Amino acid sequence: MPIESITVSEKLLSYIRSVSLKEHQSLRMIRERTESHPCAKMLITPEQGQFMTMLVQLIGAKKCLEIGVFTGYSTLATALGLPEDGKIIAIDRSREWTSRAQRHWAEAGVEHKIDLRVGEGMELIPALIENGHAGTFDFIFIDADKKNYENYYHLAYTLCKPNGLIMVDNTLWRGTVIRKDCEDLSARQLKSFNTMIFNDDRVNLTIIPMADGIHLIRKKETTK
Ligand code: CA
(Lines give C-alpha, C1' and ligand atoms only; values in the text may rest on other atoms or scores of the structure.)
Protein backbone atom coordinates (compact mmCIF):
# COMPACT_ATOMS: atom_id res chain seq x y z
CA MET A 1 0.00 0.00 0.00
CA PRO A 2 1.38 3.40 -0.85
CA ILE A 3 1.72 5.72 2.10
CA GLU A 4 -0.86 8.48 2.38
CA SER A 5 0.35 12.05 2.72
CA ILE A 6 1.69 12.67 6.17
CA THR A 7 0.09 15.15 8.53
CA VAL A 8 2.57 17.83 9.48
CA SER A 9 2.28 18.35 13.22
CA GLU A 10 3.96 21.31 14.88
CA LYS A 11 6.73 19.04 16.10
CA LEU A 12 7.32 17.63 12.65
CA LEU A 13 7.33 21.13 11.18
CA SER A 14 9.99 22.12 13.71
CA TYR A 15 12.02 19.11 12.64
CA ILE A 16 11.58 19.97 8.94
CA ARG A 17 12.78 23.48 9.67
CA SER A 18 15.73 22.22 11.70
CA VAL A 19 17.01 20.13 8.79
CA SER A 20 16.09 22.31 5.81
CA LEU A 21 15.57 25.95 6.61
CA LYS A 22 18.36 28.40 5.96
CA GLU A 23 16.53 31.70 6.22
CA HIS A 24 18.51 34.64 4.85
CA GLN A 25 19.33 37.11 7.63
CA SER A 26 17.39 39.92 5.92
CA LEU A 27 14.34 37.68 5.65
CA ARG A 28 14.69 36.77 9.31
CA MET A 29 14.86 40.45 10.14
CA ILE A 30 11.62 41.16 8.26
CA ARG A 31 9.94 38.29 10.09
CA GLU A 32 11.09 39.53 13.48
CA ARG A 33 10.07 43.11 12.77
CA THR A 34 6.69 42.07 11.40
CA GLU A 35 5.76 39.70 14.22
CA SER A 36 4.22 42.46 16.34
CA HIS A 37 2.17 43.83 13.40
CA PRO A 38 -1.59 43.25 13.76
CA CYS A 39 -1.57 41.58 10.32
CA ALA A 40 1.53 39.46 11.02
CA LYS A 41 -0.39 36.34 9.94
CA MET A 42 -0.12 37.61 6.37
CA LEU A 43 3.59 36.79 6.34
CA ILE A 44 4.39 33.72 4.30
CA THR A 45 6.13 30.93 6.20
CA PRO A 46 9.94 30.78 6.01
CA GLU A 47 9.90 27.43 4.17
CA GLN A 48 7.55 28.91 1.59
CA GLY A 49 10.00 31.77 1.10
CA GLN A 50 12.85 29.32 0.66
CA PHE A 51 10.73 27.35 -1.81
CA MET A 52 10.03 30.53 -3.80
CA THR A 53 13.72 31.43 -3.98
CA MET A 54 14.49 27.95 -5.30
CA LEU A 55 11.63 27.98 -7.81
CA VAL A 56 12.71 31.32 -9.23
CA GLN A 57 16.23 29.92 -9.60
CA LEU A 58 15.00 26.64 -11.12
CA ILE A 59 12.97 28.30 -13.85
CA GLY A 60 15.69 30.88 -14.48
CA ALA A 61 13.22 33.72 -13.97
CA LYS A 62 14.33 37.24 -14.88
CA LYS A 63 11.06 39.13 -14.83
CA CYS A 64 8.55 38.69 -12.01
CA LEU A 65 5.32 40.23 -10.79
CA GLU A 66 4.08 40.20 -7.22
CA ILE A 67 0.49 41.09 -6.38
CA GLY A 68 0.37 41.76 -2.63
CA VAL A 69 3.61 42.82 -0.95
CA PHE A 70 2.80 43.44 2.75
CA THR A 71 6.17 44.06 4.49
CA GLY A 72 8.21 42.67 1.62
CA TYR A 73 9.14 39.15 2.75
CA SER A 74 7.99 37.23 -0.33
CA THR A 75 9.32 39.96 -2.64
CA LEU A 76 12.72 39.63 -1.00
CA ALA A 77 12.58 35.82 -1.18
CA THR A 78 11.91 36.17 -4.92
CA ALA A 79 14.57 38.84 -5.40
CA LEU A 80 17.17 36.61 -3.73
CA GLY A 81 16.55 33.97 -6.42
CA LEU A 82 16.90 36.42 -9.29
CA PRO A 83 20.10 37.22 -11.15
CA GLU A 84 21.59 40.73 -10.71
CA ASP A 85 19.72 42.00 -13.78
CA GLY A 86 16.41 40.37 -12.76
CA LYS A 87 13.37 42.55 -12.01
CA ILE A 88 10.20 42.32 -9.95
CA ILE A 89 7.25 44.62 -10.34
CA ALA A 90 5.67 44.60 -6.86
CA ILE A 91 2.13 45.88 -6.37
CA ASP A 92 0.36 46.72 -3.12
CA ARG A 93 -2.23 49.26 -2.02
CA SER A 94 -0.67 50.08 1.36
CA ARG A 95 1.86 52.89 1.70
CA GLU A 96 2.48 52.01 5.33
CA TRP A 97 3.33 48.37 4.60
CA THR A 98 5.37 49.05 1.48
CA SER A 99 7.46 51.80 3.05
CA ARG A 100 8.56 49.19 5.59
CA ALA A 101 9.15 46.76 2.72
CA GLN A 102 11.34 49.26 0.89
CA ARG A 103 13.52 49.73 3.97
CA HIS A 104 13.97 45.98 4.21
CA TRP A 105 14.87 45.61 0.52
CA ALA A 106 17.43 48.41 0.76
CA GLU A 107 19.03 46.78 3.80
CA ALA A 108 19.24 43.49 1.90
CA GLY A 109 20.84 45.29 -1.07
CA VAL A 110 18.23 44.15 -3.61
CA GLU A 111 16.20 47.34 -4.04
CA HIS A 112 17.55 47.77 -7.60
CA LYS A 113 15.68 44.58 -8.59
CA ILE A 114 12.31 45.80 -7.29
CA ASP A 115 9.95 48.22 -8.99
CA LEU A 116 7.32 49.03 -6.34
CA ARG A 117 3.94 50.34 -7.48
CA VAL A 118 1.51 51.45 -4.81
CA GLY A 119 -2.16 51.48 -5.71
CA GLU A 120 -5.13 49.30 -6.54
CA GLY A 121 -4.23 46.01 -8.20
CA MET A 122 -7.29 46.15 -10.42
CA GLU A 123 -5.97 49.43 -11.88
CA LEU A 124 -2.23 48.82 -11.91
CA ILE A 125 -2.30 45.29 -13.39
CA PRO A 126 -4.51 46.08 -16.42
CA ALA A 127 -2.19 49.08 -16.99
CA LEU A 128 0.72 46.65 -17.35
CA ILE A 129 -1.14 44.89 -20.16
CA GLU A 130 -1.91 48.22 -21.84
CA ASN A 131 1.75 49.17 -21.58
CA GLY A 132 3.03 46.15 -23.48
CA HIS A 133 3.92 43.70 -20.68
CA ALA A 134 1.55 40.93 -21.86
CA GLY A 135 3.29 37.56 -22.24
CA THR A 136 6.56 38.77 -20.69
CA PHE A 137 6.63 37.57 -17.05
CA ASP A 138 8.44 34.39 -16.03
CA PHE A 139 6.96 34.22 -12.55
CA ILE A 140 3.88 35.81 -10.97
CA PHE A 141 2.93 35.54 -7.29
CA ILE A 142 -0.68 36.29 -6.33
CA ASP A 143 -1.18 36.96 -2.62
CA ALA A 144 -3.64 39.82 -2.19
CA ASP A 145 -7.37 40.32 -1.51
CA LYS A 146 -9.10 36.99 -2.05
CA LYS A 147 -12.25 38.49 -3.60
CA ASN A 148 -10.19 39.51 -6.62
CA TYR A 149 -8.24 36.26 -7.03
CA GLU A 150 -10.14 35.26 -10.17
CA ASN A 151 -9.60 38.69 -11.70
CA TYR A 152 -5.93 38.68 -10.76
CA TYR A 153 -5.53 35.22 -12.23
CA HIS A 154 -7.03 36.19 -15.60
CA LEU A 155 -4.75 39.22 -15.77
CA ALA A 156 -1.76 37.16 -14.60
CA TYR A 157 -2.47 34.58 -17.29
CA THR A 158 -2.29 37.30 -19.94
CA LEU A 159 0.89 38.76 -18.46
CA CYS A 160 2.65 35.40 -18.07
CA LYS A 161 4.98 34.01 -20.72
CA PRO A 162 4.09 30.67 -22.30
CA ASN A 163 5.64 28.07 -19.91
CA GLY A 164 5.77 30.76 -17.22
CA LEU A 165 4.70 30.06 -13.66
CA ILE A 166 1.93 31.57 -11.56
CA MET A 167 1.99 30.89 -7.81
CA VAL A 168 -1.15 31.58 -5.81
CA ASP A 169 -1.12 31.75 -2.01
CA ASN A 170 -3.64 30.66 0.64
CA THR A 171 -5.63 28.44 -1.70
CA LEU A 172 -6.55 25.91 1.04
CA TRP A 173 -7.49 28.68 3.51
CA ARG A 174 -6.54 26.80 6.70
CA GLY A 175 -8.26 23.74 5.28
CA THR A 176 -11.70 25.37 5.38
CA VAL A 177 -12.26 24.93 1.64
CA ILE A 178 -13.56 21.39 2.31
CA ARG A 179 -16.27 22.51 4.72
CA LYS A 180 -19.71 22.13 3.17
CA ASP A 181 -21.47 24.69 5.35
CA CYS A 182 -18.61 27.14 5.43
CA GLU A 183 -19.76 30.71 6.05
CA ASP A 184 -16.32 32.20 5.57
CA LEU A 185 -16.57 34.32 2.43
CA SER A 186 -12.89 33.98 1.56
CA ALA A 187 -13.11 30.18 1.87
CA ARG A 188 -16.04 30.14 -0.55
CA GLN A 189 -14.21 32.45 -2.96
CA LEU A 190 -11.11 30.26 -2.83
CA LYS A 191 -13.16 27.13 -3.36
CA SER A 192 -14.67 28.62 -6.48
CA PHE A 193 -11.22 29.82 -7.57
CA ASN A 194 -9.76 26.33 -7.15
CA THR A 195 -12.55 24.79 -9.25
CA MET A 196 -12.04 27.40 -11.95
CA ILE A 197 -8.31 26.66 -12.16
CA PHE A 198 -8.95 22.92 -12.29
CA ASN A 199 -11.23 23.47 -15.30
CA ASP A 200 -8.80 25.74 -17.13
CA ASP A 201 -7.21 23.55 -19.82
CA ARG A 202 -4.77 26.28 -20.82
CA VAL A 203 -2.62 25.50 -17.78
CA ASN A 204 -1.00 22.66 -15.83
CA LEU A 205 -1.30 22.79 -12.09
CA THR A 206 -0.29 21.31 -8.82
CA ILE A 207 -1.31 22.17 -5.27
CA ILE A 208 1.39 22.14 -2.64
CA PRO A 209 -0.10 21.52 0.82
CA MET A 210 2.57 23.72 2.41
CA ALA A 211 1.82 26.70 4.64
CA ASP A 212 -1.79 27.73 3.83
CA GLY A 213 -1.92 25.89 0.49
CA ILE A 214 -0.08 27.00 -2.62
CA HIS A 215 -1.16 26.63 -6.24
CA LEU A 216 1.55 26.31 -8.85
CA ILE A 217 0.09 26.99 -12.27
CA ARG A 218 2.09 26.71 -15.46
CA LYS A 219 0.81 28.40 -18.60
CA LYS A 220 0.96 25.91 -21.47
CA GLU A 221 3.00 26.78 -24.50
CA THR A 222 0.15 26.43 -26.97
CA THR A 223 -3.58 26.61 -26.54
CA LYS A 224 -6.24 25.15 -28.77
CA1 CA B 1 -0.73 35.00 1.94
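A few points on the structure. Computed from a predicted model, the values in this text were never measured in an experiment.

Rules of the game
- Residues numbered from 1 in each chain as written.
- Predicted model: local features only at pLDDT ≥ 70, side-chain atom pairs only at ≥ 80, totals over all residues.
- Heavy atoms only, no water.
- Helix = DSSP H or I, 4+ residues; strand = E, 2+ residues; numbered from the N terminus.
- Expected span 1.5 Å × (residues − 1).
- Buried < 20%, exposed > 50% of the residue type's maximum accessible area, 1.4 Å probe, protein only.
- Arc of directions from axis to C-beta.
- Polar contact = N/O pair within 3.5 Å; in protein donor to acceptor, adjacent residues only side chain to side chain.
- Patch = residues over 30% accessible without salt bridge, like charges linked within 9 Å, V, L, I, M, F, W, Y side chains within 5 Å.
- Areas by Shrake-Rupley, 256 points an atom, 1.4 Å probe, with all protein chains shown as cover.
- Salt bridge = Lys/Arg side-chain N within 4 Å of Asp/Glu carboxyl O.
- Donors = N, O, S within 2.8 Å, 3.2 Å for Na, K, Ca; no water.
- Phe/Tyr/Trp six-rings, centres within 6.5 Å; stacked < 30°, edge-to-face > 60°.
- Lys NZ or Arg CZ within 6 Å of the ring centre and 35° of its normal.

### Some points on helix α5 (residues 95-108)
Turning to step 1, where the next piece is worked out: The terminal C-alpha atoms of α5 lie 20 Å apart, and with 14 residues this matches the ideal 20 Å at 1.5 Å per residue to within 8%.
Turning to step 2, where the next piece is worked out: Residues of α5 that are buried include every one of Trp97, Thr98, Ala101, His104 and Trp105, and no others. The buried residues of α5 occupy one face: seen down the axis, they fall within an arc of 115°.
Turning to step 3, where the next piece is worked out: In this structure serine 94 caps α5, since a side-chain oxygen of it lies 3.4 Å from the backbone nitrogen of glutamate 96.
Turning to step 4, where the next piece is worked out: Of the residues trailing α5, glycine 109 is marked for its positive phi of about 75°.

### Describing a nonpolar patch on the surface
Turning to step 1, where the next piece is worked out: On the surface, Ile3, Ile6, Val8, Tyr15, Ile16 and Val19 cluster together into a nonpolar patch covering about 620 Å² of accessible area.
Turning to step 2, where the next piece is worked out: For valine 19, a relative accessible area of 55% translates into the label exposed.

### Regarding helix α4 (residues 73-81)
Turning to step 1, where the next piece is worked out: With eight of nine residues buried, α4 lies mostly within the body of the structure.
Turning to step 2, where the next piece is worked out: Those residues of α4 lying buried are Tyr73, Ser74, Thr75, Leu76, Ala77, Thr78, Ala79 and Gly81.

### Quick look at the coordination of the calcium ion
Any two of four tetrahedral donors ideally make an angle of 109.5 degrees at the metal, while pairs among six octahedral donors ideally make 90 or 180 degrees.
Turning to step 1, where the next piece is worked out: Within the protein, the calcium ion binds to Asp143 (OD), Asp143 (OD), Asp169 (OD) and Asn170 (OD1); these donor distances fall in the range 2.3 to 2.7 Å.
Turning to step 2, where the next piece is worked out: In primary-sequence terms, the residues that donate to the calcium ion follow D-x25-D-N. Of this pair, aspartate 143 sits in the loop between β4 (137-142) and α7 (149-159) while aspartate 169 is found in strand β5 (residues 160-169), placing the two residues 26 residues apart along the sequence.
Turning to step 3, where the next piece is worked out: Of the residues examined, aspartate 143 reaches a relative accessible area of 14% and is grouped as buried.

### With respect to the packing of aromatic side chains
Turning to step 1, where the next piece is worked out: Scanning the model with the defined rule gives three aromatic pairs in all.
Turning to step 2, where the next piece is worked out: On the numbers, 4.9 Å between centres and 85° between planes, the contact of phenylalanine 70 with tryptophan 97 is edge-to-face. With phenylalanine 70 in the loop between β1 (63-67) and α4 and tryptophan 97 in helix α5, this pair connects stretches of sequence that are 27 residues apart.
Turning to step 3, where the next piece is worked out: With relative accessibility at 5%, the residue phenylalanine 70 sits in the buried group.
Turning to step 4, where the next piece is worked out: Taking the centre distance of 5.5 Å and the plane angle of 65° together, the rings of tyrosine 149 and phenylalanine 193 count as edge-to-face. Residue tyrosine 149 is located in helix α7, and its partner phenylalanine 193 is located in helix α8 (residues 185-198); the two are separated by 44 residues in the primary sequence.
Turning to step 5, where the next piece is worked out: Three or more aromatic residues joined by ring pairs form one cluster here, namely Tyr149, Tyr153 and Phe193.
Turning to step 6, where the next piece is worked out: Taking NZ or CZ as reference, arginine 174 lies 5.1 Å from the ring centre of tryptophan 173, over its face.
Turning to step 7, where the next piece is worked out: The aromatic ring of tyrosine 157 is capped on one face by lysine 219, whose charged end is 4.4 Å from the ring centroid.

### Brief notes about the pattern of salt bridges
Turning to step 1, where the next piece is worked out: Throughout the structure, instances matching the rule amount to 13 salt bridges.
Turning to step 2, where the next piece is worked out: Here aspartate 200 and arginine 202 are joined by a salt bridge, their closest N and O atoms 2.8 Å apart.
Turning to step 3, where the next piece is worked out: Residue class for aspartate 200 comes out buried when judged on its relative accessible area of 12%.
Turning to step 4, where the next piece is worked out: Given the relative accessible area of 28%, arginine 202 is considered partly exposed.

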